[in-house]
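Analysis of the macromolecular model
Residues per chain, in single letters:
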Amino acid sequence: MLKNYLKITLRTLWKNRLFTLLGIVGLTVAFGIATLLTMDSLHELSFDRFHTNGDTIYKVYITWQTPKGTEVGTSQPAPFAEALKSEVPGIDKITRHLEEEALTFYEEKEVNFDALYVDDDFFSMFSFPITQGNKKNPLEDLSSAVITETTAHKLFGEENPIGKTINVQINGKKEPFIISAVSIDQPKESSITYEIALRFEKNPEYAETKDRWNAQYHEVFVQLAQEVAPTTFEKNSQAFTNSRYEGAITNLKRDGALPNADGNFLQLGLLPLADITFTSYQKGFTETSRGSVYLVLAIAFLILFIACVNFVNMSIAKSSQRLREIGMRKTLGAEKRQLFLQFWVESLIIFIVSIVLGILLSLLLEDSFQSVFNSEASVTVLLSSKVLLGATLLVMVITLIAGGYPALLLSRLGTIQSLKGKLESTGKNRLRDALIVVQFAIAIVLISGTFVLKGQINYMRNKDLGYNKEQVLSFPLNGKRNSYNTVRLLRNELAVHPGILGITAADNNLGRGKDGSQHSSVWGFDYKGKGVRTNSLIVDYDYIKTLGLELLAGRPFDISRESDKQSVIINESMAKALGEDNVLGVQLPVSDSLGYPVIGVVRDYNFQDISKAIEPLTFFLDREEGLTYAYVKVAKANMANSVDAIEKAYKKIEPNAEFLGSFLDENVDRTFKREKTLATLVTSGSVIAILLSCIGLFAMSMLIIAQRTKEIGIRKVIGASIASITYLLTKDFLKLVVIAFLLGTPIAWWFSNEWLQNYANRVDLSWHFFGISGVLALIIAVLTISTKTIKSALANPVKSLRTE
């Protein structure tokens, strides 16, 4: 019996090979793309879930009730961790966490590594297994260093690194460290990365900040005791917060801040380790959202849904050719169960073939997918037992529904109706029409989302940020020399080059450079009875001129004035925060006995991500603080030659340092890398969705034309034109596309508007984002069905009237 089913199935599939091919192609593409998207989503969702103690590890954050609203920060002062552990019960282990670059020396080698300054509990909290050396407490001594396997190979080759001495440049001096252990390289799913780990007490800022509670520059992780709940710990920590931050709380009350619902002005919170990657603090509270990941999964589901709808519709479409076969089978005694099994086996074979081809397609496209979407995910993430079991159940359900529904529908046809060869369509096409509407509504939502995403990216890319981003090159000062000496030597080397228009430096980059580094420094003080907070930036001379900032009042730093080293320049937002009619000459208190006068005001410019509103900013000319990035302005002519000259000059000054120069517009582009990836993803999804929808629409047009062949012939005989027949055959489908547009547009607008709320600077939601999507869907639908309808309208009416 089964052999007979298979034989008939293969014959039927070959006989209807166009439908078979369309079905297999649609399902293969859907399964292949869905596999890749699911692979990427599961990779993102697996971040930081490999740690054995992950369920009890949290990042500490603090919520401030300020006069302007709630603010959240994760930076803590150096004495915070030790005091927290000793004063608040429930902490099993604790570590401070600071990421910085470390220039490392071994014999003749000089390498910049990503360094992690942590406490000795770090390796017992996090699962970064030690492969060599001290496995019990690798950071037991202050002079100990833990390196990864890759770092060990870079420094020592095949030698045993344990016990070897290296030197790390800290505050301009070489500090010796002994390699105590080698750990594995961090998995791709880790938000914590390092190449070398050192004790926290060795970080460059520690000596000056170890007893200061107002210097917040690192993060803190805690591992709670097994019986302690996060909410209990947060409640127990309130007495600690009130005691240690008493002065700050007094100032907040004085400035008019309102307490939170619990009556507190400052409150500690715990963020689960697995949530760190998905958490934002921009809105004044911790907002954990996996929306972008779930969006990817939703697109995968929608593509699968559209492909399955196509298959259902095509199965029904080709059934009109098999009605007499069904009638004869019923006449000869075939039961509904046997008919269902026959049709379902046909569907099952197509699904199995499509799944196998889809998996092969995903393997072929894996490298390209990783490159286009900047993803480190691999198919191996799908090989876990839970994922395989879930995928198997999902495929079974999809096969049963998408393959079983047409089989059930055909097996329930009446014998007489089947023998007549007529598949009643009047009054029974609501499901088919609804599925087509849903298909095109999904496609319209995705197309609209593509236009909105591209519009926002172009808006951010073309927005005037307040500085010259096209002609200014930035690069990290990652060599062993003193940063001020490096900048001075750069000026000397490039002084005679005609393409170099200006050179300066700062302790932070604009945008995100090739080194990927991006940070901020915040300074708070009391001014005339109110608290003021400002971002601080250490700059060198000519910073304003080189970047093309607009000076609204006062003057820039002058190298001939020694007093400028104890002066500041502020932006418009900072001037507003001070609340003075004339801020020039205002003294900003940097200590109890010392004030720095304001000598200039610059127009607000986007010194942070474009998604953020512009905040107060203060420039310092502090020669004792290091500079980390150089800026060089080049002439528009022969820019490539100028960049080569800059690189050669820097390599001459720092022969062992890597030159990582990039223009500021490239840096800005990197800050919305996530948006560009999302736009590419949604664009790809919309293209696939519309193509799959067109396959279904093509199949439906074939069904309708097959059912109305005789009607078409009669209309032509009585004088109907080709245009009128074509319109008659297409209008019902076009109505469905219009309905899909009316349903999809409000959904697309709502999602787009919600997404844009994450940006302080955002594009206006214009009607053309959605109108063009509808017109595009309509044109594609017309092109899809017009080929078949025009061919039918041009057919010989005599041939049409002979059709039974």
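Remarks on the overall build of the protein
Secondary structure assignment for the protein yields 25 helices and 25 strands. Evaluated residue by residue, the protein yields a buried proportion of 50% over its 804 residues. Nonlocal contacts in the protein, meaning residues at least 24 apart in sequence, comprise 79% of its contacts between residues at least 6 apart.

Topic: empty space enclosed by the protein
Throughout the structure, instances matching the rule amount to four cavities of 30 Å³ or more. Taken as a whole, the second largest cavity holds about 60 Å³ of empty space. Lining the second largest cavity, in full, are Leu465, Tyr467, Leu510, Gly511, Gln518, Asn606, Phe607, Gln608, Asp609, Ile610, Val668 and Thr671. Among the residues making up the lining of the second largest cavity, the classes are represented as six nonpolar, five polar and one charged.

Some details on unusual backbone geometry
Positive phi, normally seen in glycine, also occurs at Glu107, with a value near 50 degrees. Along the chain, Glu107 falls in the loop between β4 (91-106) and β5 (109-118). Despite not being glycine, Asp542 has its phi angle at roughly 70 degrees, a positive value. For Asp542, the location among the structural elements is in the loop between β18 (530-538) and α17 (543-547).

Quick word on the nonpolar core
The biggest cluster of nonpolar side chains holds 98 residues, and the ones touching the most others in it are Tyr543, Tyr605 and Phe619. For this core, the leading source of residues is helix α21 (residues 673-707), giving 14 residues. Excluding residues that lie within four positions of it along the chain, Tyr605 makes contacts with Leu465, Gly466, Tyr467, Leu510, Leu537, Tyr543, Leu549, Ile614, Leu617 and Phe619. Val583, Val586, Val598 and Ala630 belong to the second largest nonpolar core, which has 41 residues in total.

Here we look at a nonpolar patch on the surface
Among the surface-exposed residues, Ile352, Val353, Val356, Leu357, Ile359, Leu360 and Leu363 lie close enough to one another that they form a single nonpolar patch of about 570 Å² accessible area. Here Leu357 lies in helix α12 (residues 336-372). Overall, the relative accessible area of 37% leaves Leu357 in the partly exposed class.

Quick look at the sheet that holds strand β16 (residues 500-506)
Ordered in space as β16-β24-β15-β25, the four strands form an open sheet in which the pairing is antiparallel. Each of the sheet's edge strands pairs with one partner strand only, and the pair in question is β16 and β25 (662-663). Across six bridges, β16 lies against strand β24 (residues 629-634) in antiparallel orientation. What sits directly across from Ile500, in β24, is Val634. On the sheet, helix α16 (residues 483-494) packs against β15 (472-476), β16 and β24 and is oriented at approximately 175 degrees with respect to β16. Lying on the sheet, helix α19 (residues 639-653) is in contact with β15, β16, β24 and β25; it crosses β15 at an angle near 25 degrees.

So, helix α23 (residues 722-756)
With 35 residues, α23 ought to run about 51 Å at 1.5 Å a step, and its terminal C-alpha atoms sit 48 Å apart, in line with that. The largest bend in α23 is about 40 degrees, located at Thr730.

Let's talk about the side chain of Asp507
Here Asp507 lies in the loop between β16 and β17 (522-527). Classification of Asp507 by relative accessible area gives buried; the value is 15%. Apart from the residues lying within four places of it in its own chain, the contact partners of Asp507 are His519, Leu537, Ile538, Gly626, Leu627 and Thr628.

Observations regarding the pairing of β17
Burial along β17 is one-sided: the face carrying Trp523, Phe525 and Tyr527 is buried and the face carrying Val522, Gly524 and Asp526 is not. Looking at chain direction, β17 and β18 are connected through six bridges and run antiparallel. Considered in β18, the bridge of Val522 is made with Asn535. With antiparallel pairing between neighbouring strands as the criterion, β17 and β18 make up a hairpin whose turn holds two residues, including Lys528 at a positive phi of roughly 50 degrees.

As for the packing of aromatic side chains
In this description, an aromatic ring pair is defined by two values, namely the gap between the centres and the angle between the planes. Counted according to the given criterion, the structure contains 32 aromatic pairs. Here the aromatic rings of Phe475 and Phe659 are separated by 5.0 Å at their centres, their planes lie at 50 degrees, and the arrangement is tilted. Note that Phe475 is positioned in strand β15 and Phe659 in the loop between α19 and β25, a separation of 184 residues in sequence. Relative to Phe751, the ring of Trp750 has its centre 5.1 Å away and its plane inclined at 80 degrees; by these criteria the two rings are edge-to-face. For Trp750, a relative accessible area of 46% translates into the label partly exposed. By the ring-pair criterion, three or more aromatic residues cluster together here, those being Phe50, Phe122, Phe123, Phe126, Phe128, Tyr194 and Phe221. For the cation-ring pair, Lys174 lies above Phe105, with the distance from its terminal atom to the ring centre recorded as 4.2 Å. The ring of Trp64 has Arg533 sitting right over it, with the charged end atom 5.9 Å from the ring centre.

Considering the pattern of salt bridges
Applying the stated rule across the entire model yields 21 salt bridges. Glu493 is the salt-bridge partner of Lys652, the closest N and O atoms lying 3.3 Å from each other. Of this pair, Lys652 sits in helix α19 while Glu493 is found in helix α16, placing the two residues 159 residues apart along the sequence. Judged by relative accessible area, Lys652 falls into the exposed class, the value being 58%. Glu493 gets classed as partly exposed once you look at its relative accessible area, which sits at 34%. Of the charged contacts, one joins Lys528 and Glu580 as a salt bridge, the two residues approaching to 2.6 Å between their closest N and O atoms. Of the two residues, Lys528 sits in the loop between β17 and β18 while Glu580 sits in the loop between α18 (572-578) and β21 (587-589), which places them 52 residues apart along the sequence. Take Lys528: its relative accessible area is 66%, and that puts it in the exposed class.

Looking at the side chain of Ser693
With respect to the helices and strands, Ser693 occurs in helix α21. Separated by 2.8 Å, the side chain of Ser693 and the backbone oxygen of Ala689 make a polar contact. The contact partners of Ser693, leaving out residues within four places of it in the chain, are Ile306, Asn310, Gln439 and Phe440.

Some points on the packing of α16 against α19
When two helices pack together, their arrangement is given by the angle between the helix axes and the distance between those axes. Viewed as axis vectors pointing N to C, α16 and α19 meet at an angle of 130 degrees, and their least axial separation amounts to 10 Å. In terms of axis orientation, α16 runs oblique to α19. Between α16 and α19 the crossing geometry is right-handed. Every residue of α19 that contacts α16 at Thr486, Leu489, Leu490, Glu493 and Leu494 is listed here: Ala645, Ile646, Ala649, Tyr650, Lys652 and Ile653. Residues of the contact of α16 with α19, tallied by class, amount to eight nonpolar, one polar and two charged.

A look at the environment of Phe177
In this fold, Phe177 is placed in strand β9 (residues 173-183). For Phe177, a relative accessible area of 0% corresponds to the buried category. A sequence separation of 36 residues divides Phe177 from Asp141, and the C-alpha atoms of the two residues are 9.7 Å apart. Setting aside anything within four residues of it in sequence, one finds Phe177 in contact with Leu142, Ser143, Ser144, Ala145, Lys164, Thr165, Ile166, Val168, Ile170, Leu198 and Lys202.

A few points about the packing of helix α15 (residues 430-462) against α23
Contact geometry of α15 with α23 gives a least axis separation of 7 Å together with a crossing angle of 40 degrees. Classified by the angle their axes make, α15 and α23 are oblique. Crossing of α15 over α23 shows right-handed handedness. Grouping the constituent residues of the contact of α15 with α23 by class yields 19 nonpolar, four polar and one charged.

Reading the values: the criteria
Residues numbered from 1 in each chain as written. Predicted model: local features only at pLDDT ≥ 70, side-chain atom pairs only at ≥ 80, totals over all residues. Heavy atoms only, no water. Helix = DSSP H or I, 4+ residues; strand = E, 2+ residues; numbered from the N terminus. Buried < 20%, exposed > 50% of the residue type's maximum accessible area, 1.4 Å probe, protein only. Contact = heavy atoms within 4.5 Å. 1 Å grid on protein atoms, 1.4 Å probe; cavity = no way out; pocket = protein on both sides within 12 Å on 5 of 7 lines; lining within 4 Å. Points joined across faces, edges and corners; volume = space filled by probe spheres on them. Nonpolar A, V, L, I, M, F, W, Y, C, P; charged D, E, K, R; others polar. Core = buried A, V, L, I, M, F, W, Y, C linked by side-chain atoms within 4.5 Å. Patch = residues over 30% accessible without salt bridge, like charges linked within 9 Å, V, L, I, M, F, W, Y side chains within 5 Å. Areas by Shrake-Rupley, 256 points an atom, 1.4 Å probe, with all protein chains shown as cover. Salt bridge = Lys/Arg side-chain N within 4 Å of Asp/Glu carboxyl O. Pairing = 2+ DSSP bridges. Axes fitted to C-alpha atoms, helices over the stretch in contact; angles between N-to-C directions. Expected span 1.5 Å × (residues − 1). Bend = angle between axes of the 7 residues up to and from the residue. Phe/Tyr/Trp six-rings, centres within 6.5 Å; stacked < 30°, edge-to-face > 60°. Lys NZ or Arg CZ within 6 Å of the ring centre and 35° of its normal. Polar contact = N/O pair within 3.5 Å; in protein donor to acceptor, adjacent residues only side chain to side chain. Parallel < 35°, antiparallel > 145°, perpendicular 65-115°, else oblique. Left-handed = near helix turned anticlockwise from the far one by under 90°.

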